[in-house]
Amino acid sequence: MRLDKFLKVSRLIKRRTVANEVSDMGRVLINNIPAKPAKQVKENDIITIEYANRTVKAKILQVPTGNVTVQQAPSLYELID
């Protein structure tokens, strides 16, 4: 699954266009490497999102193949301190 779609489906970022913009600015890292929106993600990847005043790190636990409900979204990743 593409990075921008995973960020949207997992609700780490609310909209796919925002995920694209943030990735293009180099503020999303996969395993400490800047990632473009089309980068394929897989289980056990570590995603780092750099916001203006904080940084969020999450480990991908599962990459969905179909639709994901709001209740299922938090089970796709685990936040890392």
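In this text, all values refer to a predicted model and were calculated from it rather than measured experimentally.

### Some points on unusual backbone geometry
Even without being a glycine, Asn-31 presents a positive backbone phi close to 55 degrees. Locating Asn-31 in the fold gives a position in the loop between strand 1 (28-30) and strand 2 (33-34). Backbone geometry at Asn-32 places phi at a positive 65 degrees, although glycine is not the residue there.

### What about the sheet that holds strand 2?
Spatial strand order, 2-1-3-4-5: five strands in an open sheet with antiparallel pairing. Each edge of the open sheet is held by one strand with a lone partner, namely strand 2 and strand 5 (77-80). When strand 1 meets strand 3 (residues 46-50), the two strands line up antiparallel, connected through three bridges. Within the sheet, the bridge partner assigned to Val-28 lies in strand 3 and is Ile-49.

### Digging into the packing of aromatic side chains
Following the criterion strictly, the structure yields zero aromatic pairs and no others. Above the face of the Tyr-51 ring, Arg-54 is positioned so that its terminal group lies 4.8 Å from the ring centre.

### Topic: the side chain of Asp-4
Within the secondary structure, Asp-4 sits in helix 1 (residues 3-9). On the basis of relative accessible area, Asp-4 is assigned to the buried category, the value being 1%. A polar atom in the side chain of Asp-4 sits 3.0 Å from the side chain of Arg-2. With near-sequence residues (within four places) excluded, Asp-4 lies in contact with Arg-16, Ala-19, Asn-20 and Pro-37.

### Details of the pattern of salt bridges
Applying the stated criterion across every chain yields a total of three salt bridges. Put simply, Arg-2, Asp-4 and Arg-16 are held in one network by salt bridges that share partners.

Rules of the game
- Residues numbered from 1 in each chain as written.
- Predicted model: local features only at pLDDT ≥ 70, side-chain atom pairs only at ≥ 80, totals over all residues.
- Heavy atoms only, no water.
- Helix = DSSP H or I, 4+ residues; strand = E, 2+ residues; numbered from the N terminus.
- Pairing = 2+ DSSP bridges.
- Phe/Tyr/Trp six-rings, centres within 6.5 Å; stacked < 30°, edge-to-face > 60°.
- Lys NZ or Arg CZ within 6 Å of the ring centre and 35° of its normal.
- Buried < 20%, exposed > 50% of the residue type's maximum accessible area, 1.4 Å probe, protein only.
- Polar contact = N/O pair within 3.5 Å; in protein donor to acceptor, adjacent residues only side chain to side chain.
- Contact = heavy atoms within 4.5 Å.
- Salt bridge = Lys/Arg side-chain N within 4 Å of Asp/Glu carboxyl O.

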